[in-house]
Amino acid sequence: MGQTHSTDLLIIGAGPAGYTAAIYAARASLSPVLLTGMQPGGQLTITTDVENYPGFAQAIQGPWLMEQMSAQAEHVGTKIIYDMVVSVDFTKGSPFHVTTDGGDTWIAKSVIIATGAQARWLGLPNEKRLQGAGVSACATCDGFFFRGKRVAVVGGGNTAVEEAIYLTHHADHVTLIHRRDSLKAEKILQERLFAHPKVSVIWNSAVEDIQSGGTPEAVTGLTLRDTVTGATSELAVDGVFIAIGHSPTTAMFGNQIELDAEGYIVTEPGTPRTSVPGIFAAGDVQDRTYRQAVTAAGTGCMAALDAERYIGGLIPNTKPEA
Ligand SMILES: Cc1cc2nc3c(=O)[nH]c(=O)nc-3n(C[C@H](O)[C@H](O)[C@H](O)COP(=O)(O)OP(=O)(O)OC[C@H]3O[C@@H](n4cnc5c(N)ncnc54)[C@H](O)[C@@H]3O)c2cc1C
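Residues numbered from 1 in each chain as written. Predicted model: local features only at pLDDT ≥ 70, side-chain atom pairs only at ≥ 80, totals over all residues.

A.B. asks: What is the right way to look at the environment of Ala-251 in this model?
C.D. replies: Mapped onto the fold, Ala-251 is located in the loop between β18 (246-248) and β19 (279-281). Separated by 31 residues in sequence, Ala-251 and Thr-220 have C-alpha atoms that sit 37 Å apart. (Helix = DSSP H or I, 4+ residues; strand = E, 2+ residues; numbered from the N terminus.)

Dropping the structure here:
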């Protein structure tokens, strides 16, 4: 039988956004409770080298960085609970009700949602195993590791084209692979892509397999299938960036709070405030553009500061009239 608990501030999610919110909230004496979900530490726990989180001259390991954030959050007074949210009731306003997989109910004056997003993958057998060994879903994060190499980008939307253009700063050659004969990306991005001397496009092709070899094992090439003729071909590359979109983790917030067409939580521009006063969102769950550990941490800080002001009565409990 589950138990009912009360807290001033409940933080949902244990990535950079959730832990940073927890650190700020704990230091503001809010005694926050943080529910970790299934992936304590968030997305950075599935990567290796992180070279762009400020404060470290040498590359650090993603899981290590997240252990430090967790320890810091706990050290300053956060209660960390290894349970995941299955449903919420935000309809009656503050205090809000949150139910967990373990059967507990949390009643909180304010809630920070930091449940992140997951990159969409192709679902190929080798894809997961080779993450960190040539397979990536983040050019900003990993492009630097492909200096002077050949890479492929899979996808046809804005993200794929932006990632391909970004990768030209590092890689010798970038091949964009798209399963159709035209791109969905904005025209201006397409023009920049097609004009770039380091870029080529393979149309009507799907990645069927990722080849690897060497010690340590790394990506060596791709098997492509022509989506029109069915013919297969090989492409030698050192890395492949899957850019077919992200899925924000918001299924349980569906009818409770405003989401955009892709499921991201809508926040007031420049703030972590959602459509429900007292509910704040931070990190990738509300960010379709930047999706970095440092931006997640930054918005986590903003959410904690706003939650503190909300609980203290400095942010109104009602939305201003439109
Ligand atoms: C392979 C890889 C490499 C990357 N490399 C870099 C890099 O080098 N530098 C960089 O800046 N960024 C990098 N990123 C991006 C970075 O990891 C994300 O931008 C960042 O982790 C987002 O933080 P977040 O706190 O918003 O969410 P996440 O890290 O996604 O964390 C979400 C948290 O929410 C929890 N959660 C989800 N659902 C529930 C639920 N129902 N109940 C409770 N909790 C829940 C999860 O368990 C998790 O703890 C990388 C991403 C990937 C996938």
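A.B. asks: Just to check I follow, could you spell out the domain arrangement of the protein chain for this structure?
C.D. replies: Bring the parts together and some accessible area is lost; that lost area is often taken as the interface size. Domain assignment breaks the protein chain into domain 1 (4-118 + 246-311) and domain 2 (121-242). The C-alpha-based centres of domain 1 and domain 2 are spaced at 31 Å. Tallying the contact residues gives five residues for domain 1 and four residues for domain 2. (Domains from an automatic or database assignment. Contact = placed C-beta atoms within 7 Å.)

A.B. asks: Teacher, can you tell me more about the sheet that holds strand β14 (residues 205-213) here?
C.D. replies: Adjacent strands of a sheet pair through backbone hydrogen bonds, lying either parallel or antiparallel. Read across the open sheet, the three strands follow the order β14-β15-β16; overall the sheet is antiparallel. Each edge of the open sheet carries a strand with a single partner, namely β14 and β16 (232-236). Within this sheet the neighbouring strands show an average axis-to-axis angle of 25°, counted without direction. Where strand β15 (residues 218-226) and β16 come together, five bridges link them in antiparallel fashion. Residue pairing in the sheet places Thr-223 in a bridge with Glu-234 of β16. (Pairing = 2+ DSSP bridges. Axes fitted to C-alpha atoms, helices over the stretch in contact; angles between N-to-C directions.)

A.B. asks: Is there a simple way to explain the nonpolar core in this structure?
C.D. replies: Soluble, globular proteins show a tendency: their nonpolar side chains are buried together. Counting residues in each nonpolar core, the largest one holds 52 residues, and the members touching the most others are Ala-21, Ala-25, Ile-112, Ile-113 and Ala-282. When neighbours within four sequence positions are excluded, Ala-21 is seen to be in contact with Ile-11, Ile-112, Ala-114, Ala-282, Gly-300, Ala-303 and Ala-304. Counting residues in each nonpolar core, the second largest holds 31 residues, with Leu-130, Val-161, Ile-210 and Ile-242 among its members. (Core = buried A, V, L, I, M, F, W, Y, C linked by C-beta atoms within 7 Å. Buried ≥ 20, exposed ≤ 12 C-beta atoms within 10 Å, placed from the backbone.)

A.B. asks: Is there a simple way to think about the site of the ligand in this case?
C.D. replies: The ligand sits among 42 residues. The nearest are Gly-15, Gly-37, Gly-42, Gly-116 and Gly-283. Contributions of two or more residues to the shell around the ligand are made by α1 (16-27), β9 (117-119) and α6 (293-311). In the shell around the ligand, the residues fall into 24 nonpolar, 16 polar and two charged. Counting only domains with at least three residues in the shell around the ligand, you end up with domain 1 (4-118 + 246-311) and domain 2 (121-242). (Near = placed C-beta within 6 Å. Nonpolar A, V, L, I, M, F, W, Y, C, P; charged D, E, K, R; others polar.)

A.B. asks: How should the packing of α1 against helix α2 (residues 62-75) be read in this particular structure?
C.D. replies: Each pair of packed helices gets described by two things: the angle between the helix axes and the distance between those axes. Between α1 and α2, whose axes approach to 8 Å, the crossing angle comes to 25°. What the angle tells us is that α1 and α2 run roughly parallel. For the pair α1 and α2, the crossing hand works out as left-handed. Residue-level inspection shows Pro-16, Tyr-19, Ala-22, Ile-23 and Ala-26 of α1 in contact with α2, the latter providing Met-69, Ser-70, Gln-72 and Ala-73. Class assignment for the residues of the contact of α1 with α2 results in seven nonpolar, two polar and no charged. (Parallel < 35°, antiparallel > 145°, perpendicular 65-115°, else oblique. Left-handed = near helix turned anticlockwise from the far one by under 90°.)

A.B. asks: It is not clear to me how the pairing of strand β6 (residues 85-89) should be interpreted in this structure. Could you clarify?
C.D. replies: In summary, the side chains of a regular strand alternate between the two faces of the sheet. As defined by bridge partners, β6 adjoins strand β7 (residues 96-100) across four bridges and the pair is classed as antiparallel. Its bridge partner lying in β7, Val-88 is registered against Val-98. Linking β6 back to β7 in an antiparallel pair, the connection comprises six residues, with Gly-93 at a positive phi of about 80°.

A.B. asks: Before we go on, may I ask you to explain the pairing of strand β1 (residues 4-12) in this structure?
C.D. replies: Note that β1 and strand β8 (residues 105-113) share eight bridges and pair parallel. Bridge pairing in β8 places Ile-11 opposite Ile-112. In this view, the connection linking β1 to its parallel neighbour strand β2 (residues 33-35) by way of α1 has right-handed handedness. (Right-handed = clockwise from strand over helix to strand, strands pointing away.)

A.B. asks: Hey, could you run me through the sheet that holds strand β10 (residues 135-136) in this one?
C.D. replies: Sheet architecture is open: five strands sit in the order β10-β17-β11-β12-β13, paired in parallel fashion. Each edge of the open sheet is held by one strand with a lone partner, namely β10 and β13 (199-202). Note: strand β11 (residues 150-154) against strand β17 (residues 239-242), four bridges, orientation parallel. Paired with Val-154 across the bridge in β17 is Ile-242. Packed on one face of the sheet, helix α4 (residues 158-167) meets β11, β12 (173-177), β13 and β17 and runs near 170° to β11.

A.B. asks: Quick question: what am I supposed to make of α4 here?
C.D. replies: In an α-helix, one full turn covers 3.6 residues, which means residues spaced three or four apart are oriented alike. The buried count for α4 comes to seven of ten residues, which makes it a mostly enclosed element. Turning to α4, its buried residues are Thr-159, Ala-160, Val-161, Glu-162, Glu-163, Ala-164 and Leu-167. Its buried side turned inward, α4 meets α3 (139-142), β11, β12, α5 (187-195), β13 and β17.

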